[in-house]
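# Geometric and topological summary
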Amino acid sequence: MKSVEKAYELAKERYAEIGVDTGEALRRLEQIKISMHCWQGDDVRGFLFRERALSGGIQATGNYPGAARTPSELRADMEMALRLIPGKHRINLHSTYADTDERIDLDEIEPRHYESWVQWAREQGLGLDFNPTCFSHEKSESGFTLASADRGIRDFWIEHCKRSRRVSAYFGRELQSPSVNNIWIPDGYKDTPIDRLAPRRRLLSALDEIFREPIDERYNLDAVESKVFGIGSESYVVGSHEFYLGYAVKNQKLLTLDAGHFHPTEVISGKISAVLLFCNELLLHVSRPVRWDSDHVVILDDELQQIASELVRGDLLSRTHIGLDFFDASINRIAAWVIGMRSMQKALLHALLEPTDRLREYELAGDFTSRLAWLEELKALPMQAVWDYFCESSSVPAGLEWLDDMRRYEAQVLEARS
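On to the overall build of the protein. Summing up its helical and strand segments, the protein has 14 helices and ten strands in all. On C-alpha atoms alone, the protein measures out to a radius of gyration of 22 Å, which is about the 22 Å that the 2.2 N^0.38 rule sets for 418 residues. Overall, the C-alpha framework of the protein stretches about 65 × 55 × 40 Å when taken along its three principal axes. Counting over 418 residues, the protein shows a buried share of 54%. A fraction of 80% describes how many contacts in the protein between residues 6 or more apart in sequence connect residues 24 or more apart. Per element, the accessible surface of the protein, about 18,400 Å² overall, is 49% carbon and sulfur.

Below is the structure:
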């Protein structure tokens, strides 16, 4: 559209006046791949055990029609979402999203159960990431998995995580792009425990056993994820931030920072630079907690902007893997993906359009007045015009035009599933 191009040219001139090259910002933005989580499309149910209820503190609230019921439906929905999101990205799978007619348990998964996902990702030009699914299973009903005092239960989950690493390596090898395999467990107590140490010793031993098999980091990257509390584990979580931070640093694994897994007054934007002083790489699960780890759809709020700004200002993008993590069943699930992904990209663009060197000079000189004045002025600069141009240049609808395309898909495809 001529109006989009005209607005971009004016914005380009305005940013040039403060020393920012919009073309360079867009070039860098285009290179950033965000991992879009599959579980938004079907409310975290997966395809191996659809009859089982969600557990482990997982809750997808709402009953909006049109949730995907099969792998092919889920892939079709993700294709629709990706057509409305500029750039080329990645897809994050949980192990329960295997595409197979076999009746298998989680300790039996193999790469062949995910062949259709690899074929699809190759056709779409996408990378794949992976997660063992240590919840919503009869062997997690006690509230413990890798830290269970029952050796049989613990061995089941250890085997599952070992096999998950091999599936992840299969993704990386086939697609020639490292797959991040992220371990999260819900283990903990609802009320105050007597022994906090023994479960952590068991988790430590289990992780050591899981990671004993050497896997080429060109294909698989191991990550561990903490949580401060969960439903059913309000008083004690085995895999705390301190536990996994220590483990990741000692063993040079990726540490996963989930925006909803800390106390309400904590934010992960403030942790990024500290963690990357001691870990080679970092995985982010970008979510939006509302009063608790409620996994709301990501929006362009202050914390999202701070996360993006930290990555850009510290030149940390090459060492950080960005993934989204939310599941809202109260709205159109495809729209949730699109809003979340585009919001993450807008936050990154805003950060890339900042005259960081100038702001750093003010800060080093102790001129905090100028720093604050500039940060406020930047908020009102015409970033939206640059974003619209990026969308159109990527053959993706600008503004809210994508909503019309999504509504047509809803009427033609999603409503027929009801």
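For the rest of this paragraph, the subject is the environment of Q384. When you line up the elements, Q384 lands in helix α13 (residues 383-393). Under the relative-accessibility criterion, Q384 is labelled partly exposed at 36%. Measuring from C-alpha to C-alpha, the distance between Q384 and D195 comes to 53 Å, with 189 residues separating the pair along the chain.

Moving on, we come to unusual backbone geometry. Even without a glycine there, the phi angle at V44 is positive, about 70°. Tracing the backbone through its elements, the reader meets V44 in the loop between β1 (34-37) and α3 (71-82). For V44, a relative accessible area of 7% gives the class buried. Unlike most non-glycine residues, Q252 shows phi in positive territory, near 50°. Mapped onto the elements of the fold, Q252 is located in the loop between α7 (241-251) and β8 (254-258). Look at Q252 and you get partly exposed, because its relative accessible area is 33%.

Further remarks concern the packing of helix α9 (residues 302-313) against helix α10 (residues 333-352). Interaxial distance between α9 and α10 falls to 8 Å at its minimum, and their mutual angle equals 50°. Taken together, the axes of α9 and α10 lie oblique to each other. Between α9 and α10 the crossing geometry is right-handed. Two secondary-structure elements touch here, α9 through L304, Q305, A308, S309 and V312 and α10 through S343, M344, A347, L348, H350, A351 and L352. Its residues assigned to classes, the contact of α9 with α10 comprises eight nonpolar, four polar and no charged.

Thresholds, definitions, all that
- Residue positions are counted from 1 within each chain, in the order its sequence is given.
- Only residues with pLDDT of at least 70 are given local features in this predicted model, and only at 80 or more are side-chain atom pairs given and counted; all residues enter the totals for whole chains, interfaces and linings.
- The basis for every side-chain value is the complete set of non-hydrogen atoms in the structure, without hydrogens or water.
- Helical segments are the DSSP runs of H or I of at least four residues, strand segments are the runs of E of at least two, and each set is numbered from the N terminus.
- We compute the radius of gyration from the C-alpha atoms alone; for a globule the expected value is 2.2 Å times N to the 0.38, where N is the number of residues.
- When accessible area is computed with a 1.4 Å probe and restricted to protein chains, residues below 20% of their type maximum are described as buried, those above 50% as exposed, and intermediate ones as partly exposed.
- The contact criterion used is simple: two residues touch if any of their non-hydrogen atoms lie within 4.5 Å.
- Areas reported as accessible are Shrake-Rupley estimates using a 1.4 Å probe. Residue values count occlusion only from the protein chains shown.
- Every angle, taken between N-to-C directions, lies between 0 and 180 degrees, and every axis is a line fitted to C-alpha atoms, over only the stretch in contact when it is a helix.
- Note on terminology: angles under 35 degrees are roughly parallel, angles over 145 are roughly antiparallel, angles of 65 to 115 are roughly perpendicular, and the others are oblique.
- For a crossing to be left-handed, the near helix must be turned anticlockwise from the far one by less than a right angle; the clockwise case is right-handed.
- Only Asp, Glu, Lys and Arg are considered charged, only Ala, Val, Leu, Ile, Met, Phe, Trp, Tyr, Cys and Pro nonpolar, and every remaining residue, Gly among them, polar.

The values are spatial; any link to function lies outside them.
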